[in-house]
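Here's the letter readout for the chains.
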Amino acid sequence: MKIATVVGARPQFVKAAVVSRELQKFKRTCKSDVDAPKEIIVHTGQHYDNQMSDIFFKEMQIPRPAYHLGLGGGTHGSMTGQMLVRIEEIFFMEKPDAVLVYGDTNSTLAGALAAIKLHIPVAHIEAGLRSFNMQMPEEINRILTDRISRWLFCPTEIAVQNLKREGAGKWPGAQIYNVGDVMYDAVLFYRERATPGSLLNNLLAQYKDGFYLATVHRQENTDNTQRLKNIITALENIATRVPVILPLHPRTRKYLLKTGLELRRVIAIEPIGYLDMICLLHNCKAVFTDSGGVQKEAYFFQKPCITLRDETEWVELVEHGYNRLVGADKAKIISAEQEFIHRDRDFTKPLYGDGHAGKKIIDILLNSRGEK
């Protein structure tokens, strides 16, 4: 079985590492190379900054991509269209038996569309997530990808129910599985291997009495001047009481410069790799983020999370009191820091599986070989 994996953004590298590792384990049990499954990795280049992509392949110990398309930047339509053309060319040459796509990026949709038009079955990892906000490009990507996928690998029972409400049980060939969250697998594997580099080590030593971790990168926040101003103003206010460390996404840096917003108290650092991010999550007191993945990672590290969005796909985190939605409302952000963060909470609820999602995915895919 030849599997093509399409990735392009940093959270996808983390998820792909989990599944690739399980595939390598299976290959070692095969008696010959002829019997062993093969994986080709296609990196679209959606995150084109070295700190945002290449470093992840080194840290995650993922095999180097067979194809690096370098298609970052541009509008959603332009980016997705260019990816579709190039990925289709690769699939024509490689003739994979299945295509793996992750999450909800333009790379996800382009990979799925290229595959299905060539009658190659698609496996969507992180299927069934819904924000119910059709203004989000990611929501469009995930809905369309789910609809054309054969294997719908869900991270939670809520995701399963979302698909069933949409009628996925009656889609021809579609198969729904609640395998758990591959990002939980990743945290369990890498947290024992994550040691801070010298620069981060100095930062952790400097703020050993406690700090908050913040990430801001989502388009709805960065490209909207008022939302970005509200978030930055709130974080600056909070930083007068507790240090706030902000790894600065290239898009956020661009719009801060464009709007003239300055970070005076917030401690801005360069984008960091996954292992350094794990170290910050382990050592921080709480998290402020508009990232879907970081919301879950905060939970995995038993840290309360304040989400700088109006909705979230990870509704179970809100329902169980681990996460509070505050949007870009300055007063709500400050209030949540003063009240929500300091509550006692039980982090033992197993919301995202048992840490073996990657193995379940590989077992299901390989057991389906030969199915039409």
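Residues numbered from 1 in each chain as written. Predicted model: local features only at pLDDT ≥ 70, side-chain atom pairs only at ≥ 80, totals over all residues. Heavy atoms only, no water.

J.: I keep staring at unusual backbone geometry and nothing clicks. Help me out?
T.: Outside of glycine, negative phi angles account for most residues, and trans bonds account for most peptide bonds. The phi dihedral of histidine 119 falls on the positive side, at around 65 degrees, and the residue is not glycine. By the secondary structure assignment, histidine 119 is in the loop between α4 (106–117) and β5 (122–125). Residue class for histidine 119 comes out exposed when judged on its relative accessible area of 72%. (Helix = DSSP H or I, 4+ residues; strand = E, 2+ residues; numbered from the N terminus. Buried < 20%, exposed > 50% of the residue type's maximum accessible area, 1.4 Å probe, protein only.)

J.: Would you mind going over the packing of aromatic side chains with me for this structure?
T.: Using the criterion set out here, one finds 12 aromatic pairs in the structure. Between tyrosine 299 and phenylalanine 347, the ring centres sit 6.2 Å apart and the planes meet at 45 degrees, which makes this aromatic pair tilted. You can see tyrosine 299 sitting in helix α13 (residues 292–300) and its partner phenylalanine 347 sitting in the loop between α15 (330–339) and α16 (357–367), a full 48 residues away along the chain. Relative to tyrosine 352, the ring of phenylalanine 300 lies with its centre 5.8 Å away and its plane at 90 degrees, an arrangement referred to as edge-to-face. Here phenylalanine 300 is found in helix α13, whereas its partner tyrosine 352 is found in the loop between α15 and α16, with 52 residues between them in sequence. Both residues of the pair, phenylalanine 300 and tyrosine 352, count as buried. Three or more aromatic residues joined by ring pairs form one cluster here, namely Tyr184, Tyr299, Phe300, Trp314, Tyr322, Phe347 and Tyr352. One cation-aromatic arrangement involves arginine 21 over phenylalanine 189; the distance from NZ or CZ to the ring centre is 3.7 Å. (Phe/Tyr/Trp six-rings, centres within 6.5 Å; stacked < 30°, edge-to-face > 60°. Lys NZ or Arg CZ within 6 Å of the ring centre and 35° of its normal.)

J.: Help me out: how do you make sense of the nonpolar core in this one?
T.: In a soluble, globular protein the nonpolar side chains are often hidden away together inside. Core analysis: the largest hydrophobic core is formed by 73 residues, its most contacted members being Phe153 and Tyr274. The next biggest cluster of nonpolar side chains, apart from the first, holds 28 residues, and it includes Leu228, Ala239, Leu308 and Ala328. (Core = buried A, V, L, I, M, F, W, Y, C linked by side-chain atoms within 4.5 Å.)

J.: Please clarify how the pattern of salt bridges should be interpreted in this entry.
T.: Under the criterion given, the structure shown has 24 salt bridges. Between lysine 2 and glutamate 94 there is a salt bridge; the shortest N-O distance is 3.0 Å. In this pair, lysine 2 is assigned in strand β1 (residues 2–7) and glutamate 94 in helix α3 (residues 76–94), connecting sequence segments 92 residues apart. Among the salt bridges present, the one from arginine 309 reaches glutamate 311, with a minimum N-O distance of 3.9 Å. Both residues of the pair, arginine 309 and glutamate 311, belong to the buried class. Bridged by salt links that share partners, the residues Asp104, Glu139, Arg142, Arg309, Glu311 and Glu313 form one connected network. (Salt bridge = Lys/Arg side-chain N within 4 Å of Asp/Glu carboxyl O.)

Remember, this is a structural readout, not a statement about activity or role.
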